[in-house]
Amino acid sequence: MTTKPKLCYFRGRGRMESIRWLLAAAGVEFEEEFIETTEQYEKLQKDGRLLFGQVPMVEIDGMVLTQTRAILSYLAAKYDLYGKDLKETVRINMYADGTLDLMLMTAQAAFKPPEEKEENLTLIVKKAKTRYFPAFEKILNGHGEDFLVGNKFSWADIQLLEAILMVEELDASVLSDFPLLKAFKARISNIPTIKKFLQPGSPRKPPPDSHYVEVVRGILQF
């Protein structure tokens, strides 16, 4: 029997959420261990399980992996979501990095002081509308295909949908000027594994609230 991947992180989105999305999209069931105390986090560090002293951490295929980008790249390659050749892979990396920039801005905004948080969230929506979403609309328009790279479902598609849904939580009308992205969202959301992940009760985590922020601050002591 194959051992399920085990994910170790806080009980929220953060840097682990894209990993959850990728596994779910690949149809892979996984287990989660949530870090809920400083002592638990310090034990992981003392045991040498966190190479650079940071989470997320994923146990898979007999390995203990850290560093979000490395984990995502490995999973994308393992589950055939990384293109057919180096040229497709580099485009997938490029598009995934672009959406990751946008999502990290959103995740980090939750930890800002209230006055800065509102400014940050407004800026995120603005950047999505003026920098990131126009770029992806142009990509889709340029090749006229259903997916971002090679007309095949890939990590880039998964992460773009995740980014779209995150920004829509801030502004529900953010795709109003992007018809191809709107169609892309509907198309990718209806892929069976994605559709399942978007249902209530899935491992998908809610947006960070004040309780989550307080818990993480307490664990990391900052």
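Not measured: the values here are computed from a predicted model.

So, how was this worked out
- Residues numbered from 1 in each chain as written.
- Predicted model: local features only at pLDDT ≥ 70, side-chain atom pairs only at ≥ 80, totals over all residues.
- Heavy atoms only, no water.
- Pairing = 2+ DSSP bridges.
- Helix = DSSP H or I, 4+ residues; strand = E, 2+ residues; numbered from the N terminus.
- Axes fitted to C-alpha atoms, helices over the stretch in contact; angles between N-to-C directions.
- Contact = heavy atoms within 4.5 Å.
- UniProt positions renumbered as here; feature names shortened; annotations may be inferred.
- Core = buried A, V, L, I, M, F, W, Y, C linked by side-chain atoms within 4.5 Å.
- Buried < 20%, exposed > 50% of the residue type's maximum accessible area, 1.4 Å probe, protein only.
- Domains from an automatic or database assignment.
- Phe/Tyr/Trp six-rings, centres within 6.5 Å; stacked < 30°, edge-to-face > 60°.

A.B. asks: Would you explain the sheet that holds strand β4 (residues 63-66) in this entry?
C.D. replies: One key point about sheets: their strands pair by backbone hydrogen bonds, in either a parallel or an antiparallel sense. The strand order across the open sheet built from four strands is β2-β1-β3-β4, with neighbouring strands paired in mixed fashion. Each end of this open sheet is capped by a strand with a single partner; those strands are β2 (31-34) and β4. Averaged over all pairs of adjacent strands, the angle between strand axes in this sheet comes to 20°, irrespective of strand direction. Here strand β1 (residues 6-9) pairs with strand β3 (residues 57-60) via three bridges, running antiparallel. Across the sheet, residue Cys8 finds its bridge partner in β3, namely Met57. Sheet strands in contact with helix α3 (residues 68-78) are β3 and β4, and its direction is about 125° off that of β4.

A.B. asks: Explain the UniProt feature "domain: GST C-terminal" (unreviewed entry) in the protein here, please?
C.D. replies: Summarizing the sequence annotation, UniProt attributes the feature "domain: GST C-terminal" (unreviewed entry) to residues 85-209 in the numbering used throughout. Taken as a whole, residues 85-209 contains 68% helix and 0% strand, while its terminal C-alpha atoms sit 41 Å from one another.

A.B. asks: Could you clarify how one ought to interpret the nonpolar core in this entry?
C.D. replies: One recurring pattern in soluble globular proteins is that nonpolar side chains are buried together. Ranked by internal contacts, the top residues of the largest apolar core, which has 71 residues, are Ile19, Phe133, Leu148, Phe153 and Leu181. Take this core: its biggest share by element is 10 residues, from helix α6 (residues 155-168). Shared between two domains, this core takes at least three residues from each, and those domains are domain 1 (6-79 + 198-211) and domain 2 (86-191). Residues within four places of Leu148 in sequence aside, it is in contact with Arg91, Tyr95, Phe136, Ile139, Leu140, His143, Ala156, Asp157, Leu160 and Phe184.

A.B. asks: Can you help me understand the packing of aromatic side chains in this one?
C.D. replies: Working definition: an aromatic ring pair is given by the centre-to-centre distance plus the angle between the planes. Applying the stated rule across the entire model yields eight aromatic pairs. Centroid distance Trp21 to Phe197: 5.2 Å. Interplanar angle 75°. Geometry classified as edge-to-face. Taken together, the residues span a long stretch of sequence, with Trp21 in helix α1 (residues 17-25) and Phe197 in helix α8 (residues 192-197) at a distance of 176 residues. Phe197 carries the same exposure label as Trp21, and that label is buried. Where Phe111 meets Tyr212, the ring centres are 6.4 Å apart and the plane angle is 65°; that geometry is what we call edge-to-face. Here Phe111, found in the loop between α4 (86-109) and α5 (114-143), pairs with Tyr212, found in helix α9 (residues 210-220); they are 101 residues apart in sequence, far enough to count as distant. Relative accessible area serves as the criterion here: at 21%, Phe111 is assigned to the partly exposed category. Tyr212 gets classed as buried once you look at its relative accessible area, which sits at 10%. An aromatic cluster of at least three residues, connected via ring pairs, comprises Tyr9, Phe10 and Tyr41.

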